Amino acid sequence: MTAEVQGSRDQTTTVTPWWRDERKRGIASQVVVGLVLIGIVWFLIANLLTNQERLGVPMSFRFLDAPAGFQLSFAAISVTLDSPISRILLVGALNTLLASAITAVIATVLGLVIGIARLSNNWLVARLALAYIEALRNTPLLLQLVFWYSAVVAALPAVKSSLNLFDVIFLNKKGLYVPDPVFQPGAGAVFVAFIVAVVASVFLRRWARKRQELTGQRFPAVTVSILLILGVPALVSLVMGHPVEWDVPVLGGFNFSGGLAFQPEVVALIVGLGLNSSAFIAEIIRGGIMAVSHGQTEASLALGLKPSWTLRLVVIPQAQRIVIPPMVSQYLNVVKNSTLAGFIGYPDLFAVIGTSQNQTGRAIECIAIMMVFYLGVSLIISTVLNWYNKRVALVER
């Protein structure tokens, strides 16, 4: 009897109210906060829709089917005055992605070179790299864009005195003219060959890495990969009778005809934004290299590796794991900073949205489209680079 009473007392004392359980209390607090946030968002949306109805402009995206009535100075795809606003916005989005992609490539390559030069033992090279970084990082980006557009591009020679590279690329105050690929029947085979060569290069580098781990012998994977990527499409093109031709710009009259033309605004944006971003990337690269233990460099040199091999095979692979997280933010900044393009006349999405908003009066819808676009691009970039960061991260065994 005494044992039964004692057991019932123990059972009674172990029952804890839910508000005293830390886990249950945490779940309850999260549910309450979530419901409050949902309520706030619901209130704001309902209030917005009500005010739109009261002003006689209910929420609608039908304006996207209306003719735009304005033209763009640069378009990745063809548009006319009668093109719907949706197509004009698509062109603005493509212009943003095109400028951002080219800028990211230029900034990455140049930032890597400047970052390594910043650590050079040569006093002059190191100081020049320092001056480059400090000058571009400590002046406003908008000022740099205006400088490149009004002081540099505008000062380029006239059309008849264009700067040229091998008589196929021309640069003057009216823009940059490069050969334009013209695809004939059979060009798809060349493109497939290029994709196959890229995939084969990836597997080749993996095989070379495993071979080196097992035998200690290096395989020239980089050289062979370059030969594959360039040689296989060229061989397929030769077999198919050159289905990809190049339309080279030719001077005729007062301007060039043929080829692919990039207006001065495009050149100024890519150069200005690329150089500015490269300065920040250079500091990221420098910080990543300095974070690698100096003992790694000393050990590789003691093994007889050349300084260039030490940098490429020992230092940079380890620094890569350090620089990727801040590089994610820098690539996101490239996309977001491209919104300044409108100040020099480049029709990116931000500028096109502004013009569409002024013509249609659909401020809420236009801003919503712009927010969704930049949010989606930012999430895609961060997701891809975070995935790559996990692949190269060190995993403890």
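Preceding block: the structure.
Residues numbered from 1 in each chain as written. Predicted model: local features only at pLDDT ≥ 70, side-chain atom pairs only at ≥ 80, totals over all residues. Heavy atoms only, no water.

A. Seen up close, the packing of helix 10 (residues 307-337) against helix 12 (residues 363-392). Put simply, helix 10 and helix 12 touch, their axes get as near as 10 Å, and they point 170° apart. Compared by their axis directions, helix 10 and helix 12 come out roughly antiparallel. The residues of helix 12 that touch helix 10, namely those facing Q320, R321, I324, P325, V328, Y331, L332 and V335, are Y374, V377, S378, I381, S382, L385, N386, Y388, N389 and V392. When grouped by side-chain class, the residues that make up the contact of helix 10 with helix 12 number twelve nonpolar, five polar and one charged. (Axes fitted to C-alpha atoms, helices over the stretch in contact; angles between N-to-C directions. Helix = DSSP H or I, 4+ residues; strand = E, 2+ residues; numbered from the N terminus. Parallel < 35°, antiparallel > 145°, perpendicular 65-115°, else oblique. Contact = heavy atoms within 4.5 Å. Nonpolar A, V, L, I, M, F, W, Y, C, P; charged D, E, K, R; others polar.)

B. Highlighting the packing of helix 4 (residues 123-137) against helix 8 (residues 264-291). The contact between helix 4 and helix 8 brings their axes to 9 Å, and the two run at 120°. If you check the angle between helix 4 and helix 8, you find them oblique. Helix 4 and helix 8 meet at a crossing whose hand is left-handed. Taking contact as the criterion, the partners of Y132, I133, L136 and R137 in helix 4 are, on helix 8, L275, N276, S278, A279, F280, A282 and E283. Residue composition of the contact of helix 4 with helix 8, by class: seven nonpolar, two polar and two charged. (Left-handed = near helix turned anticlockwise from the far one by under 90°.)

C. Region of interest: the sheet that holds strand 2 (residues 169-172). Pairing is antiparallel across the open sheet formed by four strands, whose spatial order is 1-2-3-8. Edge positions in the sheet fall to strand 1 (163-165) and strand 8 (260-262), since each of these pairs with one other strand and no more. Neighbouring strand axes in the sheet, compared pairwise and without regard to direction, differ in orientation by 15° on average. Summarising the sheet, strand 2 and strand 3 (residues 175-178) pair through three bridges and their orientation is antiparallel. (Pairing = 2+ DSSP bridges.)

D. Layout of helix 5 (residues 141-153). The largest bend along helix 5 measures about 25° and falls at F147. Turning to helix 5, its buried residues are L141, Q144, L145 and V153. Against the buried residues of helix 5 lie helix 4, helix 8 and helix 10. (Bend = angle between axes of the 7 residues up to and from the residue. Buried < 20%, exposed > 50% of the residue type's maximum accessible area, 1.4 Å probe, protein only.)

E. Focus on a nonpolar patch on the surface. A surface patch of nonpolar side chains, amounting to about 780 Å² of accessible area, comprises F191, V192, F194, I195, V196, V198, V199, V202 and F203. Relative to the helices and strands, V196 resides in helix 6 (residues 187-215). (Patch = residues over 30% accessible without salt bridge, like charges linked within 9 Å, V, L, I, M, F, W, Y side chains within 5 Å. Areas by Shrake-Rupley, 256 points an atom, 1.4 Å probe, with all protein chains shown as cover. Salt bridge = Lys/Arg side-chain N within 4 Å of Asp/Glu carboxyl O.)

F. View of the nonpolar core. Core analysis: the biggest nonpolar cluster contains 20 residues, and I88 and L89 have the highest contact counts within it. Within the residue set of this core, elements represented by two or more residues are helix 3 (85-118), helix 11 (349-360) and helix 12. With sequence-adjacent residues up to four places away left out, I88 is seen in contact with A68, F70, L72, V79, S83 and V352. L141, V266, A268 and I344 belong to the second-largest nonpolar core, a separate cluster that totals 18 residues. (Core = buried A, V, L, I, M, F, W, Y, C linked by side-chain atoms within 4.5 Å.)

G. Region of interest: the pattern of salt bridges. Summed over all chains, the structure comprises three salt bridges. One salt bridge connects R137 with E283, and the closest N-O pair in it is separated by 3.6 Å. Of this pair, R137 sits in helix 4 while E283 sits in helix 8; the two residues are 146 residues apart in sequence, bridging distant segments of the chain. By relative accessible area, R137 is classed as partly exposed at 33%. Note that E365 is salt-bridged to R362, the shortest N-O span being 3.2 Å. E365 gets classed as buried once you look at its relative accessible area, which sits at 1%. A network of salt bridges, in which partner residues are shared, links R137, E283 and R286.

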